[in-house]
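Inside the fold
Here are the chains, one letter per residue:
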Amino acid sequence: MTALDNQAITLEINLTIRLASQTDLPKLEWYGRYKHFRRLFRRTFSEQLRGRRWMLVADCNGFPIGQLFVQLNSGEQHLADGSRRAYFYALRVMEMFRGMGVGTHLITEAEAMLHEGGFRWATIAAAKENAGARRLYERLGYRVFAEDPGKWSYVDHTGTLQHVHEPCWIMEKKLQPR
Ligand SMILES: CC(C)(COP(=O)(O)OP(=O)(O)OC[C@H]1O[C@@H](n2cnc3c(N)ncnc32)[C@H](O)[C@@H]1OP(=O)(O)O)[C@@H](O)C(=O)NCCC(=O)NCCS
């Protein structure tokens, strides 16, 4: 073997799916990549404290390498109605951990938590240009039942209003017990 040969070792990682705590908020910015969502994270966390949303994180050694937010209540009843339907959004997993089932674990754990809380339907949006996400949701049993222009806005970390336009499919799934 020479110094130029690559050495491969296999690592085992422990992953915990849990609700975010206050100390996760800066870490969810992923070293600056998502700093523009700083205010949104804070607002979502305060909604979690009020029991209106969940911020689920995939924790690896104390760091949130993945996230899935759940909206329990919404003015848009086809997405979430506070008792039977809840809406999943903001699913993401750090690039180096993709394709290993982390996204699937986040979704299936959220589904089980919802079912235990009496909810019977989960909804999720897949951007029309994100074929990979739609494929993942279909594999997990979600079916398209509506579409949405996907227009929304948020105030970034500098206080500037940012507009998003991302047309999407709205998908739903009947939940089963764990
Ligand atoms: C979508 C995402 C959360 C999946 O997480 P993950 O841990 O890789 O998911 P899993 O390992 O459980 O499942 C892999 C599946 O995810 C989907 N996927 C893989 N890479 C993807 C990507 N870059 N973007 C979107 N979906 C992807 C595919 O369906 C893949 O299955 P495949 O092997 O048939 O291609 C992750 O790819 C991601 O963070 N993408 C960027 C953010 C995003 O697109 N979020 C969804 C918003 S609608």
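Bear in mind the structure is a predicted one, so any value in this text is a computation, not a measurement. (Residues numbered from 1 in each chain as written. Predicted model: local features only at pLDDT ≥ 70, side-chain atom pairs only at ≥ 80, totals over all residues.)

1. Some remarks on the overall build of the chain
- When its secondary structure is counted, the chain shows 4 helices and 9 strands.
- The order of helices and strands in the chain, counted from the N terminus, is β-α-α-β-β-β-α-β-α-β-β-β-β.
- Expressed as lengths along the three principal axes of its C-alpha atoms, the size of the chain is roughly 65 × 40 × 30 Å.
- For the chain, with 178 residues in total, the buried portion stands at 27%.
- In the chain, of all internal contacts separated by at least 6 residues, the share reaching a separation of at least 24 is 58%. (Helix = DSSP H or I, 4+ residues; strand = E, 2+ residues; numbered from the N terminus. Buried ≥ 20, exposed ≤ 12 C-beta atoms within 10 Å, placed from the backbone. Contact = placed C-beta atoms within 7 Å.)

2. Considerations on the environment of Leu79
- Within the fold, Leu79 resides in the loop between strand E3 (63-71) and strand E4 (85-93).
- Assessed through the 22 C-beta atoms surrounding it within 10 Å, Leu79 is described here as buried.
- Residues Leu79 and Ile170, 91 residues apart in the sequence, show an inter-C-alpha distance of 8.4 Å.
- Apart from residues lying up to four places away in sequence, Leu79 is in contact with Ser74, Arg85, Tyr87 and Thr123.

3. A closer look at the sheet that holds strand E2 (residues 53-60)
- Reading across the sheet, the 7 strands line up as E1-E2-E3-E4-E5-E9-E6 and stay open at both edges, with mixed pairing between neighbours. Among the strands making up the open sheet, the edge pair consists of strand E1 (16-19) and strand E6 (143-148). Neighbour to neighbour, the strand axes of the sheet diverge by 30° on average, direction disregarded.
- In this sheet, strand E5 (residues 121-127) lies alongside E4 in parallel orientation, the contact comprising 4 bridges. Opposite Ala86, over in E5, you have Ala122 as the bridge partner. (Pairing = 2+ DSSP bridges. Axes fitted to C-alpha atoms, helices over the stretch in contact; angles between N-to-C directions.)

4. What about the site of the ligand?
- Close to the ligand lie 17 residues, the nearest being Arg98, Gly103, Thr104, Gly132 and Leu136.
- When residues of the shell around the ligand are traced back to their parent elements, those giving at least two are E4, helix H3 (102-116), E5 and helix H4 (131-139).
- Taken together, the residues of the shell around the ligand break down into 8 nonpolar, 6 polar and 3 charged. (Near = placed C-beta within 6 Å. Nonpolar A, V, L, I, M, F, W, Y, C, P; charged D, E, K, R; others polar.)

5. Some thoughts on H3
- Given a rise of 1.5 Å per residue, 15 residues ought to cover 21 Å, and the 21 Å separating the end C-alpha atoms of H3 matches this to within 8%.
- Where H3 is concerned, the buried positions are Val102, Gly103, Leu106, Ile107, Ala110, Glu111 and Leu114.
- Looking at the buried residues of H3, the elements they touch are E1, E2, E3, E4, E5 and H4.
- Looking one or two residues past H3, Gly118 carries a phi angle of roughly 95°, positive in sign. (Expected span 1.5 Å × (residues − 1).)

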